[in-house]
Each structure stands twice: as C-alpha cells, then as structure tokens.
Amino acid sequence: MPKVSPDPSENGHVSEETAARFAKHFREKRKARASGKSNPTDDRFETIKKIYAKLRPAPEEWTKADAGDTSGTLEFATMAELEDEISDVHFLVPGWIPLGMVTGVIAETGIGKSAFALCGIGKPLMTGDEWFTGDSPEHAGPVILCPTESDLNLTKERCRDWEIPLDMLNIAGKTDGFVIDSKSVNAVANRVERIGAQLVVVDSLRGGHSGDENSSKTYSTLKMLADLASKTGAAVVVVHHTRKIPAGERIEMNSSRGSNAQLQLMRCVIGIDKPDPTRPDVCCFRNLKRNLPVSDDARGFRITDTGLRFCEAPQPPRRGPSRRDAAEDFLRREMRPGKWVDAGPLIAAAEAAGIRDNALKLAREQLGITLKRGNLKKDGTKGWKWRLPKSD
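Just so we're clear, the structure is a prediction, and the values are computed from it rather than from any experiment.

Description of the overall build of the chain
- When you go through the chain residue by residue, the secondary structure sums to 12 helices and 14 strands.
- Sorting the 392 residues of the chain into buried and exposed places 39% on the buried side.
- In the chain, the proportion of contacts linking residues at least 24 apart, taken out of those at least 6 apart, comes to 64%.
- As displayed, the chain has an accessible area near 23700 Å², and 48% of this comes from carbon and sulfur atoms.

Let's talk about a negative patch on the surface
- A cluster of acidic residues, Glu83, Asp84, Glu85 and Asp88, forms a negative patch on the protein surface.
- Among the secondary structure elements, Asp88 is positioned in the loop between α4 (79-82) and β1 (91-93).
- Classification of Asp88 by relative accessible area gives exposed; the value is 61%.

Some words on the environment of Ser182
- Here Ser182 lies in helix α7 (residues 182-195).
- With 42 residues separating them in the primary sequence, Ser182 and Met224 have C-alpha atoms 6.9 Å apart.

Concerning the nonpolar core
- One finds Ile97, Phe116, Leu199 and Ile272 to be the most contacted residues of the largest nonpolar core, which totals 34 residues.
- At the level of elements, β1, β3 (102-107), α5 (113-127), β4 (143-147), β6 (199-203), β7 (235-241), β8 (266-273) and β9 (282-287) are the ones that each hand at least two residues to this core.
- Per element, the largest residue contribution to this core is eight residues, and it comes from α5.
- Once residues lying within four places of it in the same chain are set aside, the contact partners of Ile272 are Val105, Ile106, Ala107, Ile111, Gly112, Lys113, Phe116, Ile251, Cys283, Cys284, Phe285 and Phe301.
- One finds Leu228, Ala229, Ala234 and Val236 within the second-largest nonpolar core, a separate group that totals 30 residues.

Some points on the packing of aromatic side chains
- Inspection of every chain in the model, using the stated rule, returns 10 aromatic pairs.
- Among the aromatic residues, those joined into a ring-pair cluster are Trp96, Phe116, Phe132, Phe285, Phe301 and Phe310.

Here we look at the side chain of Arg286
- With respect to the secondary-structure elements, Arg286 resides in strand β9.
- In this structure, Arg286 is in contact with Trp96, Arg250, Ile251, Glu252, Val269, Ile270, Gly271, Asp273, Asp297 and Ala298, ignoring residues within four places of it in sequence.

Concerning the pattern of salt bridges
- Counted under the stated rule, the structure contains 12 salt bridges.
- Between Arg206 and Glu213 there is a salt bridge; the shortest N-O distance is 3.6 Å.
- The shortest N-O distance in the salt bridge between Asp296 and Arg290 comes to 2.9 Å.
- Among the residues examined, Asp296 registers a relative accessible area of 59% and is labelled exposed.
- Judged by its relative accessible area of 48%, Arg290 falls in the partly exposed class.
- Connected through salt bridges with shared partners, the residues Arg324, Glu328, Asp329 and Arg332 form a single ionic network.

Rules behind the numbers
- Residues numbered from 1 in each chain as written.
- Predicted model: local features only at pLDDT ≥ 70, side-chain atom pairs only at ≥ 80, totals over all residues.
- Heavy atoms only, no water.
- Helix = DSSP H or I, 4+ residues; strand = E, 2+ residues; numbered from the N terminus.
- Buried < 20%, exposed > 50% of the residue type's maximum accessible area, 1.4 Å probe, protein only.
- Contact = heavy atoms within 4.5 Å.
- Areas by Shrake-Rupley, 256 points an atom, 1.4 Å probe, with all protein chains shown as cover.
- Patch = residues over 30% accessible without salt bridge, like charges linked within 9 Å, V, L, I, M, F, W, Y side chains within 5 Å.
- Salt bridge = Lys/Arg side-chain N within 4 Å of Asp/Glu carboxyl O.
- Lys, Arg positive; Asp, Glu negative; His and termini not counted.
- Charge placed at Lys NZ, Arg CZ, Asp CG, Glu CD.
- Core = buried A, V, L, I, M, F, W, Y, C linked by side-chain atoms within 4.5 Å.
- Phe/Tyr/Trp six-rings, centres within 6.5 Å; stacked < 30°, edge-to-face > 60°.

Structural data, given as structure tokens:
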C-alpha cells in the first residue's frame, strides 16, 4: 500500500505510476466492500478515493473543449492556405548552396574547407565573378563571416593574396571571435537584413560552442543557425570537422565528427577529401546529402597562392584483385564444372600458391561449390570432395 498524506490536496504532483497503483487499490477495496469483507470506514480507503477522484479529468474541462473553445490548442491549416506563406526552394549557388537553409562543409583538418567556403563560395558573391558552376550572382553583395577559431590573421592574409574585397567581408564579433548563442545569432540576423547579405559563413561549428559535440544537445546549436537562415532567407554555410578518415576510404555523411544530430538540420552537406594519393594537392568536393535537387557531379580544386583553381574531380586509384578474387580464379582453373575433386590436394595447391584458407572458403561459398564425404581411405578416414556447379 503506497503511503500518502491524509489530505490529498497537499500531495502536490502525483506520477502516473503512483496514480495507477492508487486506482488499482481503490478497485480492490471497492470489490471488498461490495462483498462485505472490508470496513467501510477504512481511513486509507477514503484517502485513496479522494486522490483517485482528484486525478480524474474534470468533466467541465472536456465539455469546454467539445464546445469549440480552442484557446491554447494547436492550430491547423491546409497546405493550400499556407502556400503563400511558405517560400519556394531557391539556390545561391545552383545545385549546391540553397538559400534560407544550412549547408555543411565537412572535411578533415587542413584539407581546405575554410578556403572553399571563403574563396569558392564567398568571393564570387562579393566580386560578381562566376562560381565553379559557371553561374554568376545576380549582383555583387556583402558576406558575413562568423569566425570561431581566432584565426583572423590567416583570413586577412588570404583576402590580400586572393584579392577578396575587404569592405565586402563583414566580421561578426570583430576580433573577439564569434560564439553561437541566441544573442549573437539575433545580432547576425539584424546585420543580414540591414546590409542585404545573402551568405553567412560560420567557421567552424566546434569552435562556436562549449558543449559536448558528441551529445545530441548540439541539435539546439544548429537549430539557432537554421532559424537564422529561415528568418533572413540567407544561405548559412557551416564549416565542420570530420574524424580521422583511414587511408583508402572516402568521406561520407557518417565521417562527421560528433553527434549525427548536428547533420539533421543541414539540408545540404558538401564533403571534401583527397582520394588520389598520386595528386595530393587536388581536393575533391561532392554533395553527400540529397534532401534537395542538388548536383550529382563531383568536382576538384587546388589551393594556389592566388586562390582556388577548379578542375576535374580526382578519382581514387583502381584497386587490384582481392584475395578472394584470386582464390576464385584459382578454383575455376583447377576444377571442372560438375566433376568431384579431392579437396586435400586442392587445398595444398592453393596454399602453395599463397592463397589463405579464409580466402579459399569465401571463394568456395561465392562460387557455390558443394561438399561431400569421400571414400574410406587406408588410414580409416574419409576425405572431402568438392564440386564446382555447372554453368547455366
């Protein structure tokens, strides 16, 4: 029996679990009273009865809702009614950078993601030149940079070397750096509307907050930036780091460092890597997330003393045959389809050819080779026989 206060009005909040226990006890007591096995003056029973009655919804509240009073309730509308209020999807850089949304640019440290955001996306907007797509902005305009990593000296040097107009690049937070919080984001929104900026670059996400990047709570940080993009209609580009990518692997969505919740509000994600070890100076960038009608093309660029030079995307080197492929070729050479072969000499020949047991097993399964026990040998054991299936 749960312990309760004599006066249910002093109990405060009662959990659903506790309420359920009270209700069960109340029903049991009611049955007991009906059968004459319980004292009708049981104080505990009366207390539970009062609490149970208090926990049930007041009938007048339901009557009020049924009467059509919708104050404080969720409102609904058809898409037809909201059509004029919801804007269409437009792109700053066609097929790559949408307006009014967050785009992520992810790469390992030192690959060139900051250079891509500043020079590849921002510079053409500030100068009116063509982007890497061959499209040009309707008119030159300012860009807002939100630096979070205290590297403005590098930004200044790049602006000078790459001929980026200094008066068109607005630095949020001046030399103090930028922190992603509601006050700072609201200030950026006001600045966007005041100067008519179409692009905000946050470099980088990790440097802009002090929370645990592996926690899903970082969703709220991205939510502020997504609201900034939605409210102003500007494109918000967020530079973000990835984990260390093993040699031979390509960058993918799950390469991003920290919680995947950070990627949910990025409607486009551009990944940058260097897939060709013979061309270590050439970066490849491509769209990793396709929530929108984005480009499927991969492209390349080099970072030079005068800026970015775009080129064809580098390709990863072709891999040679795997160990399993070599084992399959061996079995096809040594076995005739439909004929049983003693497995012992075959395994010995494979080992002499440098084919490991595991690769031979995988090849055998891939080719659909069947097994059976052979005839009794002189030593009293039975060997295995293998058969390669006939081709159709």
